[in-house]
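As a plain string of letters, each chain reads:
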Amino acid sequence: QKEVEQNSGPLSVPEGAIASLNCTYSDRGSQSFFWYRQYSGKSPELIMSIYSNGDKEDGRFTAQLNKASQYVSLLIRDSQPSDSATYLCAVNNNFNKFYFGSGTKLNVKP
Amino acid sequence: DVKVTQSSRYLVKRTGEKVFLECVQDMDHENMFWYRQDPGLGLRLIYFSYDVKMKEKGDIPEGYSVSREKKERFSLILESASTNQTSMYLCASSLGLAGVVYEQFFGPGTRLTVL
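Because the structure is predicted, anything quoted here is derived from the model rather than measured.

Draft legend 1. Representation of the layout of surface pockets within the structure. In this structure, the largest pocket encloses a volume near 490 Å³. Secondary structure elements with two or more residues in the lining of the largest pocket: β9 (85-92) and β11 (104-109) of chain A together with β4 (31-38) and β9 (87-94) of chain B. Split into classes, the residues belonging to the lining of the largest pocket amount to seven nonpolar, 14 polar and four charged. Put simply, the second largest pocket is a space of about 250 Å³. Around the second largest pocket sit 14 residues that line it, and K2(A), F100(A), L41(B), L43(B) and R44(B) are the ones nearest its centre. Those elements that place two or more of their residues in the lining of the second largest pocket are β10 (98-100) of chain A together with β5 (42-51) of chain B. Broken down by class, the residue content of the lining of the second largest pocket amounts to eight nonpolar, two polar and four charged.

Draft legend 2. Molecular detail of the sheet that holds strand β8 (residues 73-78) of chain B. Residue and element names in this part refer to chain B. Spatial ordering of the open sheet is given by β1-β3-β8-β7, a layout of four strands whose pairing is antiparallel. Either end of the sheet is taken by a strand with one partner, and the two such strands are β1 (4-6) and β7 (64-70). Across the sheet, the mean angle separating the axes of adjacent strands is 20° when strand polarity is ignored. Where strand β3 (residues 19-25) lies against β8, six bridges are found, and the strand directions are antiparallel.

Draft legend 3. How the structure looks around the pairing of β11(A). All names here are of chain A. Where burial is concerned, the two faces of β11 differ: the one with T104, L106 and V108 is buried and the one with K105, N107 and K109 is not. Examined bridge by bridge, strand β2 (residues 11-14) and β11 share four bridges and lie parallel to one another. By the bridge assignment, P14 is partnered in β11 with K109. As paired strands, β9 and β11 are joined by three bridges and run antiparallel to one another. Along β11, the bridge assignment pairs T86 with K105.

Draft legend 4. Spotlight on the state of the cysteines. Residues and elements named next belong to chain A. Across all of its chains, the model carries two disulfides over all chains by this definition. The residue that forms a disulfide with C23 is C89, at a sulfur-sulfur distance of 2.1 Å. Taking the torsion about the S-S bond as the criterion, the C23 to C89 disulfide, at about -70°, is left-handed. Note that C23 is positioned in strand β3 (residues 19-25) and C89 in strand β9, a separation of 66 residues in sequence. Overall, C23 belongs to the buried group, its relative accessible area being 1%.

Draft legend 5. Just unusual backbone geometry, in detail. All names here are of chain A. In the segment running from G9 into P10, the intervening peptide bond is cis, with an omega of 10°. With respect to the helices and strands, P10 occurs in the loop between β1 (4-6) and β2. Of note in this structure, Q70 is not a glycine but carries a positive phi near 60°. Among the secondary structure elements, Q70 is positioned in the loop between β7 (61-66) and β8 (71-76). In this structure, D78 is a non-glycine residue whose phi angle is positive, near 50°. Mapped onto the elements of the fold, D78 is located in the loop between β8 and β9. Look at D78 and you get partly exposed, because its relative accessible area is 42%.

Draft legend 6. Looking closely at the interface of chain B and chain A. Across the contact, 21 residues belong to chain B and 21 residues belong to chain A. For the pair chain B and chain A, the summed buried surface comes to about 1700 Å²; carbon and sulfur atoms form 55% of the total. Three residues, L43(B), V101(B) and E103(B), lead the burial of chain B against chain A; their summed loss comes to 31% of the area buried on that side. Across the chain B-chain A interface, the total number found is zero salt bridges. One can count three residue pairs in polar contact (both at pLDDT 80 or more) joining chain B with chain A. If you list the elements that add at least two residues to the side of chain B that touches chain A, you get β4 and β5 of chain B. Class assignment of the residues belonging to the side of chain B that touches chain A gives a composition of 11 nonpolar, seven polar and three charged.

Cut-offs applied
- Residues numbered from 1 in each chain as written.
- Chains lettered and ligands numbered in written order.
- Predicted model: local features only at pLDDT ≥ 70, side-chain atom pairs only at ≥ 80, totals over all residues.
- Heavy atoms only, no water.
- 1 Å grid on protein atoms, 1.4 Å probe; cavity = no way out; pocket = protein on both sides within 12 Å on 5 of 7 lines; lining within 4 Å.
- Points joined across faces, edges and corners; volume = space filled by probe spheres on them.
- Helix = DSSP H or I, 4+ residues; strand = E, 2+ residues; numbered from the N terminus.
- Nonpolar A, V, L, I, M, F, W, Y, C, P; charged D, E, K, R; others polar.
- Pairing = 2+ DSSP bridges.
- Axes fitted to C-alpha atoms, helices over the stretch in contact; angles between N-to-C directions.
- Buried < 20%, exposed > 50% of the residue type's maximum accessible area, 1.4 Å probe, protein only.
- Disulfide = S-S within 2.5 Å.
- Contact = heavy atoms within 4.5 Å.
- Buried area = accessible area lost by both parts, 1.4 Å probe.
- Salt bridge = Lys/Arg side-chain N within 4 Å of Asp/Glu carboxyl O.
- Polar contact = N/O pair within 3.5 Å; in protein donor to acceptor, adjacent residues only side chain to side chain.

Shown next as structure tokens:
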């Protein structure tokens, strides 16, 4: 079983819609959760971090964490073609080791 | 802004060669990491370092070694390159205060091809 699982996609949404990206993790002791965006041929860049149960909003992005169910999600409101990228979920167990999912590819169609 | 730089964007080497990949960060981060990224496998941790001259194995250290002589610089060494080490190599750094987990910042990556 992988530490972090994501649906590889592609997830296709029309411009202006809400994109919902999901991630599950196996280590119940995980404490810190991150979403990265990676454009093709580029390195990952941090979008959001979340540490406690509930929602965290930053502009068009909302991260949701449910530790009891061991999932974390990312919502992108008013999706734009420039949001088309692969989104990586990363989980940390407080020992400086991060586990990354293999990513979900998002396509936002104009 | 945090800046993480890597010595090469593209590198082509031959089987059996010794390969050095260098990473430099300018934000005085304690932690530095080396990953490789392959399609369908995601990012996999090779080694990380939480202080000068300190290192710990990640999930796939076989065939690799690292060196951290200065805080800002973390080198990945392929002792004898093999074709299965063809990959994208990503360096990252983060703050490392005890008990707190900080996000990682990535360099631009080095795409290594071993022929």
